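This is what each chain is made of:
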Amino acid sequence: MTADLTQTPQQTAETFYLKDYTPFGFEVESVELTFKLAPSATRVVSKICFIPKPGTPDPRFFLHGEMLKLISARIDGVDVAPTVTPEGLTCDVPQQRFVWEAEVEIDPAGNTALEGLYMSGGMYCTQCEAEGFRKITYYPDRPDVMSIFTVRIEGDEEVMLSNGNPISKSDGLAVWQDPWPKPAYLFALVAGDLVNHPDTFTTKSGRKVELNIWVRHGDEDKCAFGMEALKKSMTWDEQAYGREYDLDIFNIVAVDDFNMGAMENKGLNIFNSSCVLASPETSTDANFERIEAIIAHEYFHNWTGNRITCRDWFQLCLKEGLTVFRDSQFTSDMRSAPVKRISDVIDLRARQFPEDQGPLSHPVRPEEFQEINNFYTATVYEKGAEVIGMLKRLVGDADYSKAVDLYFERHDGQACTIEDWLKVFEDATGRDLGQFKRWYSQAGTPRLTVAESFANGTYTLTFEQSTAPTPGQPDKDPRVIPIAVGLLGANGDEIRQTQVLEMTEAKQSFTFEGLATKPVPSILREFSAPVILERETSNAERAFLLAHDTDPFNRWEAGNALAREARVAMVLEGAAPDADYLDALTKLLRDDTLDPAFRALILQPPSQSDIAQTLHERGHTPDPQKIYDAAETLAQTLAQQLADSLPRLYADTTVTEAYTPDAVSAGNRALNARILTLLTRLDGGEQAARQYETADNMTQQYSALANLMKAEKGTVQSQAFFDQWQDDRLVMDKWFALQIAMAVPEATARTAAQLTRHPLFTLKNPNRFRAVMGALAGNHAGFHHANGAGYQLLADNLIALDGLNPQTTARMCTAFQSWKRYDNDRQALIAAQLQRIQTTAGLSRDTNEMVSRILDA
């Protein structure tokens, strides 16, 4: 039989609900797959042993399948004629153990969505999370169906890889078997002309593991750092969590065309090239740190995601929130814990807080979705990690370790839920976590207001929590909020060390007794909960905390608040830059005893989008141009105030030793780059031009080029950079993004439009698309220029991309999520573009859901 159902499945929006979960009616005992590779006509032969589960609520035999050409189907060797639709197939099956066999044909070369099996530069590769395996063959493509896979690959490719351990290899054939049960979303296959960067790792029990990073020819010199990061991750997971690797081999493959950062497929991690390839000449310090963190994240998934996976996609935060928390712990241990914490909060506030306060708000564990790909969000990942951090803070380090050990012991080899996760903590600690569970079920960012009083040696802090209505959740119940508090004396000494207050009521007071004078409170130390803290205070107190607080996060927070208030006053009142802020910043910048990376963060002002959100929350309509002008004025004033010190500071922070990506050197370069930015405002780019000519690493070359372009003096260097790096795809992503990021507001959309016509621009490569469109959306004043050209350009490109790659298109739609905070004219311009996207013929499910939710704001 042949059933050609390679047409696109229905794009109508079906909503899936957590409450409707039912288990699959069959156990999958084993899976055997044979791939006969051909770019446009790969044949996939499956042989799957099913065992019916008596008493299952839904006994139907339904296998997912999309864009497949069914060649044949058999049960126990007998041909069958299943009912086939664009979404899958159903068939009458025996009521006892049976073997299902099917042969399908797929078109990897035509798969521009980059889900399932597809081609990237002549290489076969896969991406199956969340629902890509159904584009490979007919299967119950859901995370609670776990089985052992044996994979046979037939083809002419030099290297053919899959999950697990290699069983046999000969000319034109490779056989792999994964001995650990896994869901289909963890399946992986790679085949192509690749070269490996090999190494080994010996586990704590003495097993020797073969390690490989597979790359295209020419990229071999960019693998060493990634390999070292992998070995550090393996060691750290053994030491911190007692988790040992469980296969004979661990492979990483670098792929140019990839929708995500990386994928934790069991034993065969597939990485976006930008997240694994690194060299001093082509990668910045930020690239190195990101690569180290992502390699750790995907490796840590081996236990928190693979050995224990999620029962359904509503539980996505179970594996992602926990693993993000673990990779943050790792980076904190490898680098600077305070700097990592501050960086994480900057990212959380920039990405997750707007999501939580807008039309895309959803709980950490959603209760419904139309397209699961749209829920790989900052809420699931970053806020999910914050929830784990709060849980650890509440139960303490020892009980956290005890509970996590119990989690691994109890649930190894299972597909689990948030309830399973919380239950091990309840059993290990004796705590009732029913109220804490609201962090998983309630959307929105709580606001925490603070009032204080002091009398007769007793200091009282009274907190009140509230959370604004979010889509589908008009009312919120009080959550458990751990509030880390320290108290400082008038001379700056710490008179009460950090204490974690456990808030459980809507309004609750805490007292500190035996104090001689009223203290200065340091509240929400280490950002102990993902909340918005609202407290009436003065710039003088902020400056005091910036100078004296012993908690590095709150010290940074005080400086950040000073900068924010100065910028807000400049926008609303036309005020001059705040002198107290400038003086405090000057003092800190000159303090050589402070960590250079910390000083670099202090010099990083709140983003223009952050200021827009602050104004909106205070009842003002943000004007992107005024926000931009205030930022420019403040930076220029600071540069002028530091004029006498900048040359010395630049010289003192210049790293002259051979480049290494270690945290200390990177911190010095980060501070040096901040100082160069200020210096360029005074010397018109003279020092930046010298640095560009002498730079022997990408961090310094890129920093110099950025400053020259900002000063509108970088035309020659920009062309030289292009000429030097035009054959390096990842460096060219940097070049594309920088042209737009450094453009003045009125030229931003025009610059981006010109770049979309550049010979090296392509819609089909997600990295290049994000480099241009992400930079456009990230240039706040340029994207939101009053002429609306930025909105139209982004909409044009989203419409063009949607038919090729719905997943990347839908995620880029988030650029419009905060549209309601702007003036009526801008809202009308954005709404017109969103409606234009929404009414596009054949719009994907992914993009339609995102645009509809944003328009419903």
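S.K.: Would you mind going over the overall build of the protein chain with me for this structure?
M.R.: A count of helices and strands for the protein chain gives 27 helices and 32 strands. Computed over C-alpha atoms, the radius of gyration of the protein chain comes to 28 Å, within 12% of the 29 Å expected from 2.2 N^0.38 for 857 residues, which places it in the range of a compact globule. Oriented by its inertia axes, the alpha-carbon framework of the protein chain measures out at about 85 × 65 × 60 Å. Buried positions account for 60% of the 857 residues belonging to the protein chain.

S.K.: It is not clear to me how the sheet that holds strand 31 (residues 520-523) should be interpreted in this structure. Could you clarify?
M.R.: Sheet strands pair by backbone hydrogen bonding; their relative direction is either parallel or antiparallel. An order of 29-28-31 is seen for the three strands of this open sheet, with the pairing classed as antiparallel. If you trace the sheet from one side to the other, it starts and ends with strand 29 (494-503) and strand 31, each paired once. Each neighbouring strand pair of the sheet contributes to a mean axis angle of 25 degrees, computed without reference to strand direction. Examined bridge by bridge, strand 28 (residues 481-488) and strand 31 share four bridges and lie antiparallel to one another. Bridge pairing in strand 31 links V485 to I523.

S.K.: Where do I start with the packing of aromatic side chains in this structure?
M.R.: For any pair of aromatic rings, geometry is given as the distance between the ring centres together with the angle between the planes. In total, this model carries 46 aromatic pairs according to the counting rule given. An angle of 80 degrees between the planes, with centres 5.4 Å apart, marks the rings of Y245 and F250 as edge-to-face. In this structure, Y245 and F250 share a single accessibility class: buried. Above the face of the Y400 ring, K392 is positioned so that its terminal group lies 5.7 Å from the ring centre. Against the face of W439 rests R479, its NZ or CZ located 4.7 Å from the ring centre.

S.K.: Just to check I follow, could you spell out the pairing of strand 15 (residues 165-170) for this structure?
M.R.: Along any regular strand, the residues point their side chains to alternate faces of the sheet. Sheet topology note: the strand 15/strand 16 (residues 173-182) ladder contains five bridges and is antiparallel. Bridge assignment links S170 to a residue of strand 16, and that residue is L173. Between strand 15 and strand 16, which follow one another and run antiparallel, lie two residues, and G172 among them has a positive phi close to 75 degrees.

S.K.: What's the story with the nonpolar core in this structure? I'm lost.
M.R.: Buried together is how nonpolar side chains tend to be arranged in soluble globular proteins. Grouped together as the largest cluster of nonpolar side chains are 264 residues, with contacts concentrated most on W100, W421 and F436. Not counting the four nearest positions on each side in its chain, F436 is found in contact with V387, M390, L391, L394, L422 and V480.

S.K.: Which parts of the structure should I look at to understand a negative patch on the surface?
M.R.: Taken together, E220, D221, E281 and D696 make up a surface patch of like negative charges. Positionally, D221 belongs in the loop between strand 19 (208-216) and helix 1 (224-241).

S.K.: Got a minute to help me understand the environment of K208 in this structure?
M.R.: With respect to the helices and strands, the residue K208 is situated in strand 19. Look past the residues within four positions of K208 in its chain and what remains in contact with it is T200, F201, T202 and D248.

S.K.: Honestly, the sheet that holds strand 9 (residues 88-90) in this entry has me stumped. Any pointers?
M.R.: In spatial order, the strands read 5-9-8; together these three strands make up an open sheet with antiparallel pairing. Looking at strand neighbours, the two that pair on one side only are strand 5 (62-64) and strand 8 (83-85), the edges of this open sheet. Each strand axis lies, on average, 15 degrees off the axis of its neighbour in the sheet, ignoring direction.

S.K.: In this structure, what is going on with unusual backbone geometry? I would like to understand it.
M.R.: Cis geometry is adopted by the peptide bond preceding A130, which originates at E129 and carries an omega value of 5 degrees. Inspection of the secondary structure puts A130 in the loop between strand 12 (123-127) and strand 13 (147-154). Of note in this structure, L524 is not a glycine but carries a positive phi near 70 degrees. Within the secondary structure, L524 sits in the loop between strand 31 and strand 32 (532-535).

S.K.: What's the story with the packing of helix 22 (residues 766-778) against helix 24 (residues 789-802) in this structure? I'm lost.
M.R.: Two quantities define a packed helix pair, namely the angle between the axes and the distance from one axis to the other. It is at 10 Å that the axes of helix 22 and helix 24 come closest, and there the two elements cross at 150 degrees. Here helix 22 is positioned roughly antiparallel relative to helix 24, judged by the angle of their axes. Viewed along their axes, helix 22 and helix 24 form a crossing whose handedness is left-handed. Counting all contacts with helix 22, which are made through F769, M773 and L776, the residues of helix 24 involved are G790, L793, L794, N797, L798 and L801. Here the contact of helix 22 with helix 24 is built from residues that sort into seven nonpolar, two polar and no charged.

S.K.: What's the story with helix 18 (residues 698-710) in this structure? I'm lost.
M.R.: Residues lying three or four places apart along an α-helix face the same way, a consequence of the helix completing one turn every 3.6 residues. Between its terminal C-alpha atoms helix 18 stretches 18 Å, which fits the 18 Å expected from 13 residues at 1.5 Å a residue. The element helix 18 is largely enclosed, with a buried count of 11 among its 13 residues. Restricting attention to buried positions, one finds in helix 18 the residues M698, T699, Q700, Q701, S703, A704, L705, A706, N707, L708 and M709. On the buried face of helix 18, the contacting elements are helix 2 (285-300), helix 16 (663-683), helix 17 (686-694), helix 19 (715-725) and helix 20 (729-741). The first or second residue beyond helix 18 is E712, which carries a positive phi of 60 degrees.

S.K.: Would you mind showing me how to read the side chain of H784 here?
M.R.: Structurally, the position occupied by H784 is in the loop between helix 23 (780-783) and helix 24. Setting aside residues no more than four positions away along its own chain, H784 makes contact with P624, Y791, Y822 and R826.

S.K.: Even after reading the chapter, I still don't get the packing of helix 21 (residues 745-756) against helix 24, so can you show me in this structure?
M.R.: Axis separation between helix 21 and helix 24 bottoms out at 9 Å; the angle between their running directions is 25 degrees. Judged on the interaxial angle alone, helix 24 and helix 21 are roughly parallel. Remark: the crossing between helix 21 and helix 24 carries left-handed chirality. Taking contact as the criterion, the partners of A749, A752, A753 and T756 in helix 21 are, on helix 24, A789, G790, L793 and N797.

S.K.: For this particular structure, what's the right way to read the environment of Q719?
M.R.: Locating Q719 in the fold gives a position in helix 19. Overall, the relative accessible area of 43% leaves Q719 in the partly exposed class. For Q719 and W735, which are 16 residues apart along the polypeptide, the C-alpha to C-alpha distance reads 9.9 Å.

S.K.: Looking at this structure, I do not really get the pairing of strand 26 (residues 447-455). What am I missing?
M.R.: Strand direction decides the pairing type here: strand 26 and strand 27 (residues 458-466), joined by nine bridges, are antiparallel. Residue pairing in the sheet places T449 in a bridge with E464 of strand 27. Bridging between strand 26 and strand 32 involves four bridges; their strand directions are parallel. Pairing of L448 across the sheet is with L533, part of strand 32.

What counts and what doesn't
Residues numbered from 1 in each chain as written. Predicted model: local features only at pLDDT ≥ 70, side-chain atom pairs only at ≥ 80, totals over all residues. Heavy atoms only, no water. Helix = DSSP H or I, 4+ residues; strand = E, 2+ residues; numbered from the N terminus. Rg over C-alpha atoms; globule rule 2.2 N^0.38 Å. Buried < 20%, exposed > 50% of the residue type's maximum accessible area, 1.4 Å probe, protein only. Pairing = 2+ DSSP bridges. Axes fitted to C-alpha atoms, helices over the stretch in contact; angles between N-to-C directions. Phe/Tyr/Trp six-rings, centres within 6.5 Å; stacked < 30°, edge-to-face > 60°. Lys NZ or Arg CZ within 6 Å of the ring centre and 35° of its normal. Core = buried A, V, L, I, M, F, W, Y, C linked by side-chain atoms within 4.5 Å. Contact = heavy atoms within 4.5 Å. Patch = residues over 30% accessible without salt bridge, like charges linked within 9 Å, V, L, I, M, F, W, Y side chains within 5 Å. Areas by Shrake-Rupley, 256 points an atom, 1.4 Å probe, with all protein chains shown as cover. Salt bridge = Lys/Arg side-chain N within 4 Å of Asp/Glu carboxyl O. Lys, Arg positive; Asp, Glu negative; His and termini not counted. Charge placed at Lys NZ, Arg CZ, Asp CG, Glu CD. Parallel < 35°, antiparallel > 145°, perpendicular 65-115°, else oblique. Left-handed = near helix turned anticlockwise from the far one by under 90°. Nonpolar A, V, L, I, M, F, W, Y, C, P; charged D, E, K, R; others polar. Expected span 1.5 Å × (residues − 1).

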